[in-house]
Amino acid sequence: MPVSTLGAPTRLSAQDRARRAARGGASPRSVPAPLLVPAVIAVAFLVLPLAGLVIRAPWSRLGAALSGADAVQALVLSLWTATVATGVCLVIGVPLAWVLARTTFPGQRLLRALVTLPLVLPPVVGGVALLLAFGRAGFIGRLLDSWFGLTIPFTPLAVVMAETFVAMPFLVITVEGALRSANQGFEEAAATLGASRMTVFRRVTVPMIAPSLGAGAVLCWARALGEFGATITFAGSFPGQTETMPIAVYYALEDDPDAAIALSLVLLLVSVAVLASLRDRWLRGGAVQ
């Protein structure tokens, strides 16, 4: 605290408080050794495997490893299926998040638990569940096959469905949190001025939560891009049809380890780019207080 010329403490001015807040708030302090040592071990445990991937990468033949037909097909398939899955999550996940955040009904806690279940459910189990529901012998897939001749498993559509299943909770949780923390006064004011509920949602609610909505969409896309277990169980691994990047990495480890490392490096770079795009202002939520 600043000290006056007479030795009495003086209050921080608003400008000084703003400067301190810009510098991070409190003054820096040393980290206690009991906390520092485990923290360093945790960082090493997380970073060293990634460093090994970068060090072991076949930089001299990286282009050749990534330009192979299988690698290109897997990359293209992963990019467009993850993008479509993210679009599906936005269309149906945002309304679901609004229902969970702004309404109250019997069984709401159970519904929220079911929505977030794919976060903790093993992806392979999710693939089995999709297969039992939408497979040719599934209780829904049987009807789709007999009524419309539509077979979903082992098709690109199955890839999109598997990625949507595992990625949607990331979007729903992010958007629901933003909706709960948003100032509803703006929405109420728009409603009193005669705006319909859908107009309020489109013109007021969505702009308020736009940063969190963007963060949730990016996390959803990244999760869909890296999906493996549910995809290989429900969609299989047919090159050019259902073999995504993670599946290509898995099979390349047996025949061409350098190609597997190169593909893994691409996924690593994409993940780093995603995390770099999720700035603090996004992660804090986009609600207007």
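Residues numbered from 1 in each chain as written. Predicted model: local features only at pLDDT ≥ 70, side-chain atom pairs only at ≥ 80, totals over all residues. Heavy atoms only, no water.

**Student:** I'd like to hear about the packing of aromatic side chains, residue by residue, with values.
**Tutor:** One pair of aromatic rings is described through two measures. These are the centre distance and the angle between the planes. Per the counting criterion, the structure on display carries four aromatic pairs. Pairing phenylalanine 154 with phenylalanine 238 gives two aromatic rings, centres 6.3 Å apart and planes at 90°, and the pair type is edge-to-face. On the criterion of sequence distance, the pair formed by phenylalanine 154 in the loop between α7 (141-148) and α8 (156-181) and phenylalanine 238 in the loop between α12 (229-234) and α13 (245-255) is long-range, its members being 84 residues apart. Looking at phenylalanine 154, the relative accessible area reads 42%, which means it is partly exposed. By relative accessible area, which is 45% here, phenylalanine 238 ends up partly exposed. Geometrically, the ring pair formed by phenylalanine 228 and tyrosine 250 is tilted, given 5.4 Å between the ring centres and 50° between the ring planes. Residue phenylalanine 228 is located in the loop between α11 (210-225) and α12, and its partner tyrosine 250 is located in helix α13; the two are separated by 22 residues in the primary sequence. Linked through ring pairs, Phe228, Tyr250 and Tyr251 together constitute an aromatic cluster. (Phe/Tyr/Trp six-rings, centres within 6.5 Å; stacked < 30°, edge-to-face > 60°. Helix = DSSP H or I, 4+ residues; strand = E, 2+ residues; numbered from the N terminus. Buried < 20%, exposed > 50% of the residue type's maximum accessible area, 1.4 Å probe, protein only.)

**Student:** Any details on a nonpolar patch on the surface? Residues and values, ideally.
**Tutor:** Taken together, the side chains of Val72, Val76, Trp80, Val84, Val88, Val91 and Ile92 define a hydrophobic patch exposed on the protein surface, amounting to about 570 Å² of accessible area. Along the chain, valine 91 falls in helix α4 (residues 69-102). Overall, valine 91 belongs to the exposed group, its relative accessible area being 61%. (Patch = residues over 30% accessible without salt bridge, like charges linked within 9 Å, V, L, I, M, F, W, Y side chains within 5 Å. Areas by Shrake-Rupley, 256 points an atom, 1.4 Å probe, with all protein chains shown as cover. Salt bridge = Lys/Arg side-chain N within 4 Å of Asp/Glu carboxyl O.)

**Student:** Run through the pattern of salt bridges, naming residues and quoting values.
**Tutor:** Under the defined criterion, the tally for this structure stands at six salt bridges. Ionic pairing is found between glutamate 176 and arginine 112, a salt bridge with its closest N-O pair at 2.9 Å. In this pair, glutamate 176 is assigned in helix α8 and arginine 112 in helix α5 (residues 108-120), connecting sequence segments 64 residues apart. On the basis of relative accessible area, arginine 112 is assigned to the partly exposed category, the value being 23%. Residues glutamate 176 and arginine 180 are paired through a salt bridge, measuring 3.1 Å at the closest nitrogen-oxygen approach. With glutamate 176 and arginine 180 both in helix α8 and four residues apart, the pair spans about one turn of that helix. For glutamate 176, a relative accessible area of 8% puts it in the buried group.

**Student:** Hey, could you go over the layout of surface pockets for me, with residue numbers and the actual values?
**Tutor:** By volume, the largest pocket is sized at about 330 Å³. Of all elements in the fold, only α4, α9 (185-192) and α10 (197-208) reach the threshold of two or more residues within the lining of the largest pocket. No other element matches α10, which puts five residues into the lining of the largest pocket. What the second largest pocket holds in volume is close to 250 Å³. (1 Å grid on protein atoms, 1.4 Å probe; cavity = no way out; pocket = protein on both sides within 12 Å on 5 of 7 lines; lining within 4 Å. Points joined across faces, edges and corners; volume = space filled by probe spheres on them.)

**Student:** I'd like a description of helix α2 (residues 33-56), backed by residues and values.
**Tutor:** Spanning 24 residues, α2 covers 33 Å between terminal C-alpha atoms, matching the ideal 34 Å at 1.5 Å per step. Along α2, the sharpest kink reaches roughly 30°, centred on valine 47 and followed within four residues by the proline proline 49. (Expected span 1.5 Å × (residues − 1). Bend = angle between axes of the 7 residues up to and from the residue.)

**Student:** Describe the environment of leucine 50, with residues and values.
**Tutor:** Tracing the backbone shows leucine 50 in helix α2. Classification of leucine 50 as partly exposed rests on a relative accessible area of 41%. Expressed as a C-alpha distance, the spacing of leucine 50 and leucine 268, which sit 218 residues apart in the sequence, is 8.3 Å.

**Student:** Outline the side chain of threonine 81, listing residues and values.
**Tutor:** The topology assignment puts threonine 81 in helix α4. Dropping the residues within four chain positions of it, threonine 81 is found in contact with Val159, Val160 and Glu163. (Contact = heavy atoms within 4.5 Å.)

**Student:** Please provide a residue-by-residue account of the state of the cysteines, values included.
**Tutor:** Counted under the stated rule, the structure contains zero disulfides. You can see cysteine 89 has no disulfide; the closest cysteine sulfur is in cysteine 220, sitting 3.5 Å from it. With relative accessibility at 0%, the residue cysteine 89 sits in the buried group. Residue classification places cysteine 220 among the buried residues on the basis of a relative accessible area of 1%. (Disulfide = S-S within 2.5 Å.)

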